[in-house]
Amino acid sequence: MANPIGNGTATSTDRPILDIQKLNKFFGGLRAVNDFNLTIKPGELVGLIGPNGAGKTTVFNLITGIYAPSSGDIHFLGQSIAGLEPFEITQRGIARTFQNIRLFPNLTVLDNVRIAYHFHAGYGLFDAILRNPRFYAQEKELTERAQDFLAIFKLDRVQNELAVNLPYGEQRRVEIARALASNPRLLLLDEPAAGMNPNEILNLMELIRFIRERFNLTILLIEHQMRVVMGICEWITVMDFGEVIARGTPKEIQNNERVIEAYLGRGTAHVA
Amino acid sequence: MELGFLLGSVVKIVAVLGWLYGLLQVMAHASRWVKIAGIVIAFGIIQIAFSLRIGNQAILNDFDAGLLFQACTMAMVALGLNLIYGFNGQFSLGQWGFYGLGAYAAAYVTYKWFNDRTSSALFVLLIGVVLAGLVILGLRRFLGRYYNLPVLSAFTLYLIGSAAAAAVAVFAGNGIASIVDPLFGTKEAPGLLSSDVALQVVFLLAVICAGIFAAEVSFLFGLPVLSLGSDYFGIATLGFSIVINTLMVNSDTILPFPEMKGGRGMIGIPKLTTWFWVFAFLLLVIVIMRNVIHSSVGRAILSVREDETAAKAMGIDVAGNKLLAFVIGSLFAGLGGGIYAHYIGFLSPGTFSFLAGFNPLIVVVFGGLGSMTGTLAASFGWMFFLEGLLRVLLGQLGTEAPTWRFVLYPIALLLLMLLRPQGLLGKTEWGFLRAPQVKPRPPANPTSDARPAASIAPAAR
Ligand SMILES: Nc1ncnc2c1ncn2[C@@H]1O[C@H](COP(=O)(O)OP(=O)(O)OP(=O)(O)O)[C@@H](O)[C@H]1O
Ligand SMILES: [Mg+2]
């Protein structure tokens, strides 16, 4: 179960889990993503940072199929996933959270998580209509698994609350629980610490480390909070204006001239 | 008389809603035998009320029976619409079109059987829906393996497949009919097929086939429209209803069905709908609806309404689930249509005009989007209050006065939208329709698994 930092599981040869090559995305004349390359090995925890509007979320949307790439290719577990429908990509093992939380607001917390089991529920429409033993067995099992997830995230007490009624921090955790329930190999987190207080951020960092070990996950993380990024990521890729301007370990990134320039603004770099 | 009538009507509305409540409660009972007994009793109460007399008045007279039957078919249609609009979030004006489609399809089968003494329509429809169903299900499974087939190409395949199924059905159906039809016998010596039992079986088959027929048409219509973005779905469904209505008006000229008599209306449909069949089909629709909603499939349908992008990110085939809700909803409408046709015995295109198509929409909104109980209650309330009580009361004021109903409906709807936008019953569900309560899991035994979980302190509120 324990997964040594970097590469340690049976699957982690040198074959990357995610391999993005020469990815481009244009919105009209705007180059939101420009010749973007990224390779992630199984088990890694990688950070993606950059100033506002750099194109980070767009990269997530390209990986998960919300947008089709203008050009370039994305390989997941050795297979090209560019151009697939988002639900097909999720079913292959990529789950995500959203920058502005996207729960199913008028459904209960439990149902929010159970929806992630739908494509591996183990029963179909006719089983549901006929209420056969298979339905009862599978429904019970997926409900219990969903409840176990909620317990891990300390959400079991609010399982019957509507998601919209939860406080912000709990909504974030529901979203992560829901993403994990789809049983991903690769988890994409888009600014999970946004809007959290320092105490909540500490909890979140603990949580990310924990789920990564527990579920044997590879994680790609977008974050503006440098404490989080520098604290938990092993590798960091920095974007600006759709392009990768630097990559390396947290230490290397902290001292990178171009990164400082991008964050503090052009022309002021020498001052900083 | 006025006061007595008023009182009687109010008592009837309350009694019918009470009956509905009781039925749903007993259907939720844990014991199977109590459940069955309760359903039989619920059926029996109404059946007895039809024949039991107080003085020289039946407790439920023919007028009430008409209201009740129409309330039940309205409930079937409106439940289907609620699945599409209330649960899946797709605004549709097509429900009335599928209702009409089911009504005409079923009526044509029994009409031919009863009046023309031929089984051709039955066999054509039966073989047609079975073959088309196999083609659609088969293609869906086959195409599922080739992900990137464009929707319109897939649609073309489905269309060709269904057309082929229809052609085979016409050929084979007429062939079988020519072999079987002698069994009708002659007027003097009626054969096997002229028996009442045969007629009942044909009626049952006709209604079921009509429902499936409506569902298959909705699949072919919904596939391109729902997959190519749903912004125009409402408009497209309105167009569908208008097309169906136009075909009804011209059924004897541009369609080869002289028996339907176009705009003059189809007469001579055997009145085979009894309380038993109304009750049985309403029950069937309620059970299917509830079993779908309270399952993983239902949650997928709901997630599409809640947030399409998030649903996709959770592995939900959004287009596929929209199509599924649409097809099931149309199935209910088609079944309702078949039941209605054999109750009323006369089908006129006017009944299925697009204006009347707003009725189920009003019922669904009144009862509450996403509330099955609300839809059921609103269907009964609609018939007994607005069509029953109000119509008679207004009738006292003059022969044309009942037309004011059509002014009162929209005003009532407006008031509801202002005062109670979630519908009369909101999210309340009664008995059988309630979501199964999931109890919190008992805390896991303290194994090694529990340790890391405990180390994560809950985030401060
Ligand atoms: N659907 C879209 N249509 C047009 N432009 C878009 C679209 N989505 C993103 N953009 C543009 O692409 C650029 C990159 O946006 P993106 O959301 O990826 O930035 P980001 O790095 O996630 O920024 P932030 O840190 O603020 O979340 C921005 O200029 C944005 O306005
Ligand atoms: Mg962003």
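Reading the values: the criteria
- Residues numbered from 1 in each chain as written.
- Chains lettered and ligands numbered in written order.
- Predicted model: local features only at pLDDT ≥ 70, side-chain atom pairs only at ≥ 80, totals over all residues.
- Heavy atoms only, no water.
- Domains from an automatic or database assignment.
- Contact = heavy atoms within 4.5 Å.
- Buried area = accessible area lost by both parts, 1.4 Å probe.
- Helix = DSSP H or I, 4+ residues; strand = E, 2+ residues; numbered from the N terminus.
- Nonpolar A, V, L, I, M, F, W, Y, C, P; charged D, E, K, R; others polar.
- Salt bridge = Lys/Arg side-chain N within 4 Å of Asp/Glu carboxyl O.
- Polar contact = N/O pair within 3.5 Å; in protein donor to acceptor, adjacent residues only side chain to side chain.
- Pairing = 2+ DSSP bridges.
- Axes fitted to C-alpha atoms, helices over the stretch in contact; angles between N-to-C directions.
- Near = heavy atom within 4 Å.
- Areas by Shrake-Rupley, 256 points an atom, 1.4 Å probe, with all protein chains shown as cover.
- Parallel < 35°, antiparallel > 145°, perpendicular 65-115°, else oblique.
- Donors = N, O, S within 2.8 Å, 3.2 Å for Na, K, Ca; no water.
- Buried < 20%, exposed > 50% of the residue type's maximum accessible area, 1.4 Å probe, protein only.
- Lys, Arg positive; Asp, Glu negative; His and termini not counted.
- Expected span 1.5 Å × (residues − 1).
- Bend = angle between axes of the 7 residues up to and from the residue.
- Phe/Tyr/Trp six-rings, centres within 6.5 Å; stacked < 30°, edge-to-face > 60°.
- Lys NZ or Arg CZ within 6 Å of the ring centre and 35° of its normal.

(A) Looking closely at the domain arrangement of chain A. All names here are of chain A. Domain boundaries assigned for chain A yield domain 1 (1-93 + 185-272) and domain 2 (103-183). Placing a centre on the C-alpha atoms of domain 1 and another on those of domain 2 gives a separation of 27 Å. Every contact between the two is made by 19 residues of domain 1 and, on the other side, 13 residues of domain 2. Counting the surface lost from both domain 1 and domain 2, the interface buries some 1,200 Å², and carbon and sulfur atoms represent 78% of this. At the level of secondary structure, the elements contributing two or more residues to the side of domain 1 that touches domain 2 comprise α2 (86-92), β7 (186-190) and α7 (198-214). In terms of residue count, the dominant contributor to the side of domain 1 that touches domain 2 is α7 (six residues). Partitioned by chemical class, the residues of the side of domain 1 that touches domain 2 number eleven nonpolar, three polar and five charged.

(B) Representation of the interface of chain B and chain A in the model. Across the contact, 44 residues belong to chain B and 55 residues belong to chain A. Carbon and sulfur atoms make up 60% of the area that chain B and chain A hide from each other, which totals about 4,400 Å². Our enumeration of links across chain B and chain A arrives at two salt bridges. Joining chain B to chain A, the criterion identifies 14 residue pairs in polar contact (both at pLDDT 80 or more). Residue assignment for the side of chain B that touches chain A shows that the elements contributing at least two residues are α9 (275-293), α10 (296-306), α11 (308-313), α12 (318-344) and α16 (450-455) of chain B. Looking at which element gives the most residues to the side of chain B that touches chain A, the answer is α10 of chain B, with eight residues. Residue classes in the side of chain B that touches chain A are distributed as 23 nonpolar, ten polar and eleven charged.

(C) Looking closely at the sheet that holds strand β5 (residues 79-80) of chain A. Residue and element names in this part refer to chain A. Spatially, β2-β1-β4-β5 is the arrangement adopted by the four strands of the open sheet, whose pairing is antiparallel. Only two strands of the sheet have a single partner each, and these edge strands are β2 (30-40) and β5. Pairing between strand β4 (residues 71-76) and β5: two bridges, direction antiparallel. By the bridge assignment for β5, F76 is matched with Q79. Those strands touched by helix α1 (residues 56-63) are β1 (18-27), β2 and β4, and its axis lies near 115° from that of β1.

(D) Expanded view of the sheet that holds strand β10 (residues 243-248) of chain A. Residue and element names in this part refer to chain A. If you trace the six strands from one edge of the open sheet to the other, you get β6-β7-β8-β3-β9-β10, paired in mixed fashion. With partners counted over all chains shown, the strands left at the sheet margins are β6 (94-96) and β10, one partner each. Ignoring strand direction, the axes of neighbouring strands in this sheet form an average angle of 20°. As paired elements, strand β3 (residues 45-49) and strand β8 (residues 218-222) share four bridges and run parallel to each other. Its bridge partner being in β8, L45 is matched across the sheet by I219. Sheet strands in contact with helix α6 (residues 168-181) are β6 and β7, and its direction is about 160° off that of β7.

(E) Structural context of the site of ligand 1. Residue and element names in this part refer to chain A. Near ligand 1 you find 14 residues, and of these K56, T57, T58, Q99 and H224 are the closest. Measuring from an oxygen atom of ligand 1, one finds a side-chain N or O atom of K56 at 2.8 Å. For ligand 1, the accessible surface in isolation is 630 Å², of which the surrounding protein chains cover 65%. Breaking the shell around ligand 1 down by element, the ones donating at least two residues are β2 and α1. Sort the elements by how many residues they give to the shell around ligand 1 and α1 lands first, with three residues. The residue inventory of the shell around ligand 1, partitioned by class, reads five nonpolar, seven polar and two charged.

(F) Looking closely at the packing of helix α3 (residues 62-87) of chain B against α10 of chain B. All names here are of chain B. For the pair α3 and α10, the least separation of the axes is 9 Å and the interaxial angle reads 45°. Our classification of the angle between α3 and α10 gives oblique. Within the contact between the two elements, α3 uses L83, G86 and F87 and α10 uses I301, L302 and R305.

(G) Seen up close, the coordination of the magnesium ion (ligand 2). All names here are of chain A. Each protein donor to the magnesium ion (ligand 2) is listed here as T57 (OG1) and Q99 (OE1); together their distances run 1.9 to 2.1 Å. One end of the pair, T57, is in helix α1; the other, Q99, is in the loop between β6 and α3 (109-115), and 42 residues separate them in sequence. Accessibility expressed as a relative area gives 23% for T57, which makes it partly exposed. Residue classification places Q99 among the partly exposed residues on the basis of a relative accessible area of 32%.

(H) Representation of the side chain of R96 of chain A within the structure. Secondary-structure assignment places R96 of chain A in strand β6. No salt bridge forms around the buried R96 of chain A; measuring N to O, its nearest opposite-charge neighbour D190 of chain A is 4.2 Å away. A polar contact is formed between the side chain of R96 of chain A and the side chain of N61 of chain A, at a distance of 2.7 Å. For R96 of chain A, the side chain forms a polar contact with the side chain of T64 of chain A, separated by 3.3 Å. Every residue in contact with R96 of chain A, bar those within four places of it in the chain, is listed here: F60, N61, T64, I66, A179, L187, L188 and D190 of chain A together with A313 and M314 of chain B.

(I) Here's a closer look at the pattern of salt bridges. Across all of its chains, the model carries 15 salt bridges over all chains by this definition. Here R299 of chain B ties to E139 of chain A by a salt bridge, and the two come within 3.0 Å at their closest N and O atoms. Here the residue R299 of chain B occupies a position in helix α10, and E139 of chain A occupies one in helix α5 (residues 133-152), the pair thus bridging two chains. With its nearest N and O atoms 2.7 Å apart, the salt bridge here joins E259 of chain B to K112 of chain B. In this pair, E259 of chain B is assigned in the loop between α8 (233-249) and α9 and K112 of chain B in helix α4 (residues 95-115), connecting sequence segments 147 residues apart. Take E259 of chain B and K112 of chain B: they sit in the same class, and that class is buried.

(J) α3 of chain B, seen in detail. All names here are of chain B. Counted at 1.5 Å a residue, the expected span for α3 with its 26 residues is 38 Å, and the 35 Å between its end C-alpha atoms agrees. L81 marks the point of greatest bend in α3, at about 30°. Counting buried residues along α3, 22 of its 26 residues qualify, which places the element largely inside the surrounding structure. Capping of α3 at its N-terminal end is provided by N61; its side-chain oxygen lies 3.2 Å from the backbone amide nitrogen of F63. Positive backbone phi, approximately 80°, marks G89, located one or two places after α3.

(K) Spatial organisation of the packing of aromatic side chains. Summed over all chains, the structure comprises 35 aromatic pairs over all chains. Grouping aromatic residues by their ring pairs yields a cluster made of W19, F43, F50, F69, F203, W275, F276, W277, F279, F281, Y343 and F380 of chain B. Above the plane of the ring of F98 of chain A lies R102 of chain A, whose end atom (NZ or CZ) is 5.6 Å from the centre. Between R290 of chain B and the ring centre of F432 of chain B, over which it is positioned, the NZ or CZ distance is 4.1 Å.

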